[in-house]
Amino acid sequence: MTDAQEVLFRLLRQIDMAPAASQRATAAAVGVSLGRLNAQLRAAIADGLIRIDARDSTDRRQRVAYGLTSKGAAEKARLIDLFLARKLSEYHALHAELTGSSSVSRSANTRIHTMQNANLTPIPELFVSYDSAQKLKAEAGTLNSHDLSPRQICDLELLMNGGFAPLKGFQGEDDYNGVVENMRTADGTLWPIPITLDVSEKFAEAVEIGQDIALRDQEGVILATMTVTDKWVPDKAREAAMVFGADDDAHPAVNYLHNQAGAVYLGGPVTGIQQPVHYDFKARRDTPNELRAYFRKMGWRRVVAFQTRNPLHRAHQELTFRAAREAQANLLIHPVVGMTKPGDVDHFTRVRCYEAVLDKYPSATTTMSLLPLAMRMAGPREAVWHGLIRKNYGCTHFIVGRDHAGPGKNSAGEDFYGPYDAQDLFREHQDEMGIEMVDFKHMVYVQERAQYEPNDEIADKDNVTILNISGTELRRRLREGLEIPEWFSFPEVVKELRRTSPPRSDQGFTVFFTGFSGSGKSTIANALMVKLMEMGGRPVTLLDGDIVRKNLSSELGFSKEHRDLNIRRIGYVASEITKNGGIAICAPIAPYGTTRRAVREDIEAFGAFVEIHVATSLEECERRDRKGLYKLAREGKIKEFTGISDPYDVPKNPELRLDTESVDVDNCAHQVLLKLESMGLIAA
Ligand code: PPS
């Protein structure tokens, strides 16, 4: 593409996006002087690419509005292709320069590596040199900016550092469709999880194909730029069904897809400017090339990786030892510290636990590194994805155990995937992936032999005592301050877990009342507050609907957007109270199930969330009509009134449902206390 073509491309793009902009603004956007712009405009009009539409009669300066003719639109489309082709060849050249190799996509048969030397060569990264990054950063300041979500920051980090190689950016529509349908990008490369940049409709509208956008972290730091090659509205139900196995919101990634991800996807190659900043555990964070270099330096030719999102206990140690022995490989403990399943032990606690366990491994054969991956809990597809990522990190083997990256139960109470589906899918693809699976069955403790053994290898099951503590049981013991036996975990790990999860009766928690206006939420919440204050021990804060609307949300109305914002604010304050050991009692209507769920997830990171549905019927609320609002709502004088002209999602599985029609307030508050007691949140 020549310079003149590029100027014409910018001009056509600008006219299409902002037909009535001033000449000065158009010249600035195109990057030419006013004189050159005029000459360009005259030439383009003479060539039939641009037409003069009309003068804006309201504009005192009689500004001219332009438009693209159909010939102009076709020319713009042709120039976009040229522009993108040039960009892509620049990326290929950049990769070749960085890696000393050609980055042109390889054919399927050359993609197979011999497993022994997978870590000998550097992996292509998407970063530009320091000097180019400084220049690019300055230029990117004027681009349209997208503020990345925490999950997108994780994805971008692995795109840029080569963890997601051979991807060179967020996937475009063809790659996305291929990945969703058959786990392959458009050129046939195996890739099981879509890596897409979801944005709001509003942001998407302001972005044109061919444009560069800046990708910023949550503090506004520019981490990368992306040339937008694709923009489309995905079929999310199809994505959920094909990638995660079911369009069921009980799956954390499906819930994310429908309730958090933006409506439009953008795709295009990424130019890396800098890595996301991490202030924690810096010494334990390595890029793929840093780990590869470490393995090379140590002479580790065979490395088996262990993926985890949980603290390590004795069963894990036994499993990893056995895996290393079986694969005759060194061991990499490679825990995920990006995003895991909502409700997991936070990564700070986990890393302290891992550090404590590391002493129990021979240091000459084992190392640990932290992986900033955002997991999707996609079971079998996720296992294949994890394997591809570990290959990029220089590993030759990968441990896949029972129910790898399992999301838990679906909304019918059944497992999303079979316990060994992940192993089956991995096995099917491992030759092509270039990383070998070390599969493990469930490990259990055999008391008589005082050791862990794979459950399916115990021949004398009837004559021995098999012990096992599930994750749920461990959480219960921690919550209730019960004994955790030595055979199960290491004292150092248990101490660390107890430090962050004191018994529930010492932790903060949130009681979240929801129900129609006038259902009795505030009255019961007040009675509960007084009873809890009478018991003493923890500070109690009441976040009643009316109080919050007065003090926190006075500018908000009752549209869906405003109600969501109101509830998210309540959730934020309640999560801070819970985190700091207090009791938060919330009593808003909170009509939307998805928002309540999001608040639950925020709070459960720090303590219990007790949802109480005050199930007074609409008829009864309307009959009581304490504030006279229902009458006004029926007369149409109050719009968007919950139950009358606005929806209310009845909670499906609240911790408690209260019937206020046949039970008095004192008794309702007492029922809540009994519930809290049964959950171990208050002492009996
Ligand atoms: S929400 O949906 O959770 O944000 O609502 P909330 O903050 O709890 O506010 C509800 C109180 O505002 C009064 N009110 C309305 N309620 C529902 N719909 C409409 N349109 C509306 N307009 C005003 C009403 O008094 C609610 O108080 P409670 O305590 O629930 O009766």
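Calculation criteria
Residues numbered from 1 in each chain as written. Predicted model: local features only at pLDDT ≥ 70, side-chain atom pairs only at ≥ 80, totals over all residues. Heavy atoms only, no water. Helix = DSSP H or I, 4+ residues; strand = E, 2+ residues; numbered from the N terminus. Rg over C-alpha atoms; globule rule 2.2 N^0.38 Å. Buried < 20%, exposed > 50% of the residue type's maximum accessible area, 1.4 Å probe, protein only. Areas by Shrake-Rupley, 256 points an atom, 1.4 Å probe, with all protein chains shown as cover. Lys, Arg positive; Asp, Glu negative; His and termini not counted. Charge placed at Lys NZ, Arg CZ, Asp CG, Glu CD. Pairing = 2+ DSSP bridges. Phe/Tyr/Trp six-rings, centres within 6.5 Å; stacked < 30°, edge-to-face > 60°. Lys NZ or Arg CZ within 6 Å of the ring centre and 35° of its normal. Axes fitted to C-alpha atoms, helices over the stretch in contact; angles between N-to-C directions. Parallel < 35°, antiparallel > 145°, perpendicular 65-115°, else oblique. Contact = heavy atoms within 4.5 Å. Nonpolar A, V, L, I, M, F, W, Y, C, P; charged D, E, K, R; others polar. UniProt positions renumbered as here; feature names shortened; annotations may be inferred. Near = heavy atom within 4 Å. Polar contact = N/O pair within 3.5 Å; in protein donor to acceptor, adjacent residues only side chain to side chain. Salt bridge = Lys/Arg side-chain N within 4 Å of Asp/Glu carboxyl O. Core = buried A, V, L, I, M, F, W, Y, C linked by side-chain atoms within 4.5 Å.

A.B. asks: What is the right way to look at the overall build of the protein in this model?
C.D. replies: Looking only at helices and strands, the protein has 24 helices and 22 strands in total. Here the C-alpha radius of gyration of the protein, 29 Å, is about what a compact globule of 684 residues would show, namely 26 Å. Here the C-alpha coordinates of the protein stretch approximately 85 × 75 × 40 Å along the principal axes. Sorting the 684 residues of the protein into buried and exposed places 51% on the buried side. Carbon and sulfur atoms provide 50% of the accessible area of the protein, an area that totals close to 30800 Å². Charge-centre separation for the protein: the mean point of 85 positive side chains lies 4 Å from the mean point of 93 negative side chains.

A.B. asks: Just to check I follow, could you spell out the pairing of strand 7 (residues 222–227) for this structure?
C.D. replies: For a regular strand, the rule is simple: side chains alternate between the two faces of the sheet. Along strand 7, six of the six residues are buried, which leaves the element largely enclosed by surrounding structure. For strand 6 (residues 212–216) and strand 7, the ladder comprises five bridges, and the chain directions are antiparallel. Within strand 7, the position partnered with Ala214 by the bridge is Thr225. In sequence, strand 6 turns back onto strand 7 through a hairpin of five residues, with Gly220 there showing a positive phi of about 95°. With three bridges joining them, strand 7 and strand 9 (residues 264–272) adopt antiparallel strand pairing. Directly across from Ala224, in strand 9, lies its bridge partner Gly272.

A.B. asks: Could you clarify how one ought to interpret the environment of Leu658 in this entry?
C.D. replies: Summarising the element assignment, Leu658 is placed in strand 22 (residues 656–658). Relative accessible area serves as the criterion here: at 1%, Leu658 is assigned to the buried category. C-alpha separation for the pair Leu658 and Ala615, spaced 43 residues apart in sequence, amounts to 5.6 Å.

A.B. asks: Please explain the packing of aromatic side chains as it appears in this structure.
C.D. replies: The relative placement of two aromatic rings is captured by the distance of their centres and the angle of their planes. On inspection of all chains with the given rule, the structure shows 18 aromatic pairs. Centre to centre, the rings of Tyr176 and Trp232 are 5.4 Å apart; their planes meet at 55°, and the pair counts as tilted. Within this pair, whereas Tyr176 is found in helix 7 (residues 173–182), its partner Trp232 is found in strand 8 (residues 230–232), the two being separated by 56 residues in sequence. For the residue pair Tyr176 and Trp232, the accessibility class agrees, reading buried in each case. Ring geometry for Tyr176 against Tyr265: centres 5.5 Å apart, planes inclined by 85°, an arrangement best described as edge-to-face. One end of the pair, Tyr176, is in helix 7; the other, Tyr265, is in strand 9, with 89 residues separating them in the sequence. If you follow Arg549 out to its NZ or CZ, it ends over the ring of Phe558, 3.8 Å from the centre.

A.B. asks: Teacher, can you tell me more about the packing of helix 1 (residues 3–17) against helix 3 (residues 34–46) here?
C.D. replies: The packing of two helices is summarised by the inter-axis angle and the distance between the axes. Across the interface, helix 1 lies against helix 3 with an axial gap of 11 Å and an inter-helix angle of 80°. Between helix 1 and helix 3, the crossing angle belongs to the class labelled roughly perpendicular. Here Val7, Leu8, Leu11 and Ile15 of helix 1 lie close against helix 3, whose contacting residues are Arg36, Leu37, Gln40 and Leu41. Broken down by class, the residue content of the contact of helix 1 with helix 3 amounts to six nonpolar, one polar and one charged.

A.B. asks: Got a minute to help me understand the UniProt feature "domain: ATP-sulfurylase PUA-like" (unreviewed entry) in the protein in this structure?
C.D. replies: UniProt annotation of "domain: ATP-sulfurylase PUA-like" (unreviewed entry) refers to residues 123–274 when read in the numbering used here. The annotated region residues 123–274 carries 36% helix and 21% strand content, and the separation between its end C-alpha atoms amounts to 17 Å.

A.B. asks: Please explain the UniProt feature "binding site: ATP" (unreviewed entry) in the protein as it appears in this structure.
C.D. replies: On the UniProt side, "binding site: ATP" (unreviewed entry) is annotated at positions that read Gly515, Phe516, Ser517, Gly518, Ser519, Gly520, Lys521 and Ser522 here. Secondary-structure assignment places Gly515 in the loop between strand 18 (509–514) and helix 18 (521–535). Gly515 has contacts with Lys521, Pro588, Ile589, His613, Val614 and Tyr648, leaving out every residue within four places of it along the chain. Checked against the element boundaries, Ser517 lands in the loop between strand 18 and helix 18. With residues up to four places along the chain from it excluded, the contact list for Ser517 reads Ile589, Cys621, Tyr630 and Phe641.

A.B. asks: Help me understand the site of the ligand in this model?
C.D. replies: Inspection of the region around the ligand gives 22 residues, with Ser517, Arg549, Arg563, Ala590 and Glu640 positioned closest. Between the ligand and Asn566, the relevant distance is 2.8 Å, taken from an oxygen atom to a side-chain nitrogen or oxygen of the residue. For the ligand, whose free accessible area comes to 630 Å², the fraction covered by protein is 92%. Taken together, the elements giving at least two residues each to the shell around the ligand come down to helix 18, helix 19 (545–551) and helix 20 (560–579). Its residues assigned to classes, the shell around the ligand shows nine nonpolar, six polar and seven charged.

A.B. asks: When you look at the pattern of salt bridges in this model, what are you seeing that I'm missing?
C.D. replies: Opposite charge on two side chains makes pairing possible when the charged atoms of those side chains draw close. Taken as a whole and judged by the stated rule, the model has 41 salt bridges. Across the pair Glu181 and Arg238 runs a salt bridge, and its minimum N-O distance is 2.4 Å. With Glu181 in helix 7 and Arg238 in helix 9 (residues 236–244), the pair connects residues that are 57 residues apart, well separated along the chain.

A.B. asks: What should I look at first to understand the nonpolar core in this one?
C.D. replies: Counting residues in hydrophobic clusters, the biggest one holds 71 residues, and the most contacted among them are Phe164 and Leu215. Discounting residues that sit within four places of it in the chain, Phe164 has contacts with Asp155, Leu158, Leu159, Trp191, Ile195, Leu373, Trp385, Ile389 and Asn392. Residues Leu319, Phe440, Tyr452 and Trp487 belong to the second largest nonpolar core, which totals 36 residues.

A.B. asks: It is not clear to me how the sheet that holds strand 18 should be interpreted in this structure. Could you clarify?
C.D. replies: For sheets, the rule is that strands pair by backbone hydrogen bonds, running either parallel or antiparallel. The strand order across the open sheet formed by five strands is 19-20-18-21-22, and the pairing between neighbours is parallel. Each end of this open sheet is capped by a strand with a single partner; those strands are strand 19 (540–544) and strand 22. On average, adjacent strands in this sheet sit at an angle of 15° to one another, irrespective of strand direction. Here strand 21 (residues 608–614) pairs with strand 22 via three bridges, running parallel.

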